[in-house]
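Observations on the model geometry
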Amino acid sequence: QVQLVESGGGLVQAGGSLRLSCAPSEPTFENYALGWFRLAPGKEREFVAAISWGGGSTLYEDSVKGRFAVSRGNAKNTVYLWMNSLKPEDTAVYYCAAQRNDRGDYAREMAYDYWGQGTQVTVSS
């Protein structure tokens, strides 16, 4: 069973930036798409961003377009979510999720096979 290890959450003021990272516990795990989702208090978990295995395809939820960016590291196995111009409404627990064989349908939770433990992002006003 592949585990996803997340890091990088924290507390930041509005307008600030954070970088989240996600990597599989098995370094040989390859050919997967990776998505980011978030769960805010009182809301359902929602899609944030995703990137294909090759890195050539990305997808963003409308409210984060132009502020967030998803990328893969040089070794491809580590995926980053760069969050800029953060707003209080971005406060949530952020989860990364991996999809075997990069099957597409990136915005759908059920399309993912493995999930990270979540990391808290808090944006103060």
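Below: a short report on this structure. What you see is a predicted model; the values in this text were computed from it and never measured.

Before going further, it helps to spend a moment on the sheet that holds strand β1 (residues 4-7). Taken in spatial order, the 4 strands of this open sheet run β1-β3-β8-β7, and their pairing is antiparallel. Each having just a single partner strand, β1 and β7 (68-72) make up the two edges of the open sheet. Recorded for the sheet is a direction-independent mean angle of 15 degrees between the axes of neighbouring strands. Looking at chain direction, β7 and strand β8 (residues 79-83) are connected through 5 bridges and run antiparallel.

Right, let's get into the state of the cysteines. Think of a disulfide as a covalent bridge from one cysteine sulfur atom to another cysteine sulfur atom. Tallied over the entire structure, the rule returns 1 disulfide. The partner cysteine of Cys 22 in its disulfide is Cys 96, sulfur to sulfur 2.1 Å. Taking the sign of the S-S torsion, about 65 degrees here, the bridge from Cys 22 to Cys 96 comes out right-handed. Taken together, the positions of Cys 22 in strand β3 (residues 18-24) and Cys 96 in strand β9 (residues 92-100) put the pair 74 residues apart, joining distant regions of the chain.

A separate point is the pattern of salt bridges. Overall, the coordinates contain 8 salt bridges when judged by the stated rule. Ionic pairing is found between Asp 113 and Arg 103, a salt bridge with its closest N-O pair at 2.9 Å. Taken as a pair, Asp 113 in the loop between β9 and β10 (114-115) and Arg 103 in the loop between β9 and β10 lie far apart in primary sequence, 10 residues in all. The partly exposed category is assigned to Asp 113, whose relative accessible area is 24%. Overlapping salt bridges bring together Arg 38, Glu 46, Arg 67 and Asp 90 as one network.

Rules used throughout
Per chain, residues are indexed from 1 in the order of the written sequence. This being a predicted model, a pLDDT of at least 70 is required before a residue's local features are given, and a value of 80 or more before pairs of side-chain atoms are given or counted; all residues contribute to the totals for chains, interfaces and linings. Heavy atoms throughout the structure, all of them, feed into the side-chain values; hydrogens and water do not. Two strands qualify as a pair provided that DSSP identifies no fewer than 2 bridges between them. Helix and strand assignments come from DSSP, with helices taken as H or I runs of at least 4 residues and strands as E runs of at least 2, each series counted from the N terminus. Here, axes are lines fitted to C-alpha atoms. For helices the fit covers the stretch in contact, and angles between N-to-C directions go from 0 to 180 degrees. A pair of cysteine sulfur atoms is labelled a disulfide when the two atoms are within 2.5 Å. By definition, a salt bridge exists where a carboxyl oxygen of Asp or Glu is found within 4 Å of a side-chain nitrogen of Lys or Arg. When accessible area is computed with a 1.4 Å probe and restricted to protein chains, residues below 20% of their type maximum are described as buried, those above 50% as exposed, and intermediate ones as partly exposed.

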